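The lines below spell out each chain.
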Amino acid sequence: MGEGTTDLKKNIGFVAALSTVMGTVIGAGVFFKAAVVSEATGTVSLSLLAWFLGGVITICAGLTAAELAAAIPETGGMMRYIEYTYGKKPAFLLGWAETVIYFPANIAALAIIFSTQCINLFGLSPSLLVPIGVAIALFLTLTNLLGSKVGGHVQSFTTLFKLIPIIVIVVFGLFAKSDVQISLFPVTAGKDLGIATALGHGLLATMFAYDGWIHVGNIAGEMKNPRKHLPQAILIGLAGIMVVYMLINYVFLKTMPIGQIIGNNNAASDVSTMLFGELGGKLVTIGILISVFGAINGYTMTGMRIPYAMALDNTLPFSKQLKKLSQNGIPINCGILQIAIACLMIFLGAFNTLTDMLIFVIWIFYTMTFLATMILRKREPDMHRPYKTLFYPVVPIIAILGGSFIVINTLFTQTILALVGLALTFIGLPIYLYKSKQKVDTE
């Protein structure tokens, strides 16, 4: 392994790695998952515990997966780790799941939230929810079809703006006077809620806000000192994100009674209005909208590259059409496929349904990735590993247990949602077998 790593310029230091970690993970979820975490847990204490445990699992996940990223620095990331460890079939199912569920569902869920915030900000009719959601998703797909440079400029512009609302809400919210009484101890669940089930639902919801950590190891091959700086960047970066997420949720729960946050997708803008008044609240909401806009753009830009990579290997139906590039070098038909699925999801699903399904499916593969670290340690002890997971095997075991809890808990508590996610994933199996047979027949 490691072939081609000599071509990478090793010019990324600790500060650049740290900003990459935080910039990759911080997205729109932190603003909109307070409602569902509060609803799932029913109490301030269990809500904040869910955010804390979500952060711990994410840190262990990032530290574990980074070992594979450093040892297998190939384009395709997790798909390549899965293929190297388990074979082509599971890797195909991951690529398939990312193509038909993960990326389109992210785009659809964020488009729904963008639309919800627009309606709230401008006092529009709720009947415009779907049209606005579809319009923003289409607009950003068309923007990215103009070329990767255009999409990249949008991403750079919105990255700065997503930090502004978080900083403003946390700094002002912590010191603002409030009449809301909150209790952090003892940790209890809401009325008529079992603590394990409530924590499971809350944890699943936080994972959408923490998602993105899988990509942080991809820069290992370009770091000056990955063995030292990669674990530092992941540990400090993800721990910093966990603290920020807990602080912003503490501010939400301190400013507004939990009963008003439960099920309220406008909680972030409502809290902003309470802290800064009508005009200030609207300005913060505009900052949040720009953050969501950037998140949709990011998933749109990266998502269409997955079916394109699979089409190059001729593993998808219509691979010939899907590997076609536009004059700007963009996989145009992959972009059309992605937006078609996303628009269908906007029509069919609510924000939380879509995010729970995509997190459930992707965490099956995340957990396989954590396990792969341990499998390869035993199978290939002499493999070149520029970075090794800290506190091995404790950290990978925590990541595996956390991932297993998320998957199993969802399977038992949101069975229909989980089964739909599994069914959509396993539809890829007969396609893989057919395309594999087709390859054999033509050879």
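Provided above is the structure to which this section pertains.
Model, not experiment: these values are computed from the prediction.

A. A look at the nonpolar core. Formed by 141 residues in total, the largest nonpolar core has its most connected members in Met 78, Trp 213, Tyr 245, Val 292, Trp 363 and Tyr 366. Of all the elements, helix H6 (residues 88-122) adds the most residues to this core, at 21 residues. Setting aside residues up to four positions removed in sequence, Trp 363 forms contacts with Ile 57, Ala 61, Met 207, Trp 213, Phe 370, Gly 403, Ile 406 and Val 407.

B. The arrangement of empty space enclosed by the protein in detail. Scanning all chains against the criterion turns up 2 cavities of 30 Å³ or more. Each pocket or cavity is described by its volume, and for the largest cavity that value is around 40 Å³. Surrounding the largest cavity, Ala 34, Val 37, Ser 38, Ser 47, Trp 51, Asn 249, Phe 252, Leu 253 and Ile 261 form its lining. Elements supplying a minimum of two residues to the lining of the largest cavity: helix H3 (34-41), helix H4 (44-71) and helix H10 (226-255).

C. Inspection of unusual backbone geometry at higher detail. Geometrically, the link from Tyr 392 to Pro 393 is a cis peptide bond, its omega value of 5° lying close to zero. One non-glycine residue, Asp 192, lies in positive phi territory at about 65°. Note that Asp 192 resides in the loop between helix H8 (148-175) and helix H9 (195-210). With a relative accessible area of 74%, Asp 192 lands in the exposed category. We note that Phe 391 has phi near 50°; this positive angle belongs to a residue other than glycine. With respect to the helices, strands and loops of the structure, Phe 391 is situated in the loop between helix H16 (351-379) and helix H17 (394-413). The class of Phe 391 is exposed, set by a relative accessible area of 63%.

D. Region of interest: helix H13 (residues 305-312). Listed as buried for H13 are Ile 306, Pro 307, Tyr 308, Met 310 and Ala 311. In the core, the buried residues of H13 are packed alongside helix H5 (78-86), H6, helix H12 (267-303), helix H14 (319-322) and helix H15 (332-348).

Rules and cut-offs
- Residues numbered from 1 in each chain as written.
- Predicted model: local features only at pLDDT ≥ 70, side-chain atom pairs only at ≥ 80, totals over all residues.
- Heavy atoms only, no water.
- Core = buried A, V, L, I, M, F, W, Y, C linked by side-chain atoms within 4.5 Å.
- Buried < 20%, exposed > 50% of the residue type's maximum accessible area, 1.4 Å probe, protein only.
- Helix = DSSP H or I, 4+ residues; strand = E, 2+ residues; numbered from the N terminus.
- Contact = heavy atoms within 4.5 Å.
- 1 Å grid on protein atoms, 1.4 Å probe; cavity = no way out; pocket = protein on both sides within 12 Å on 5 of 7 lines; lining within 4 Å.
- Points joined across faces, edges and corners; volume = space filled by probe spheres on them.

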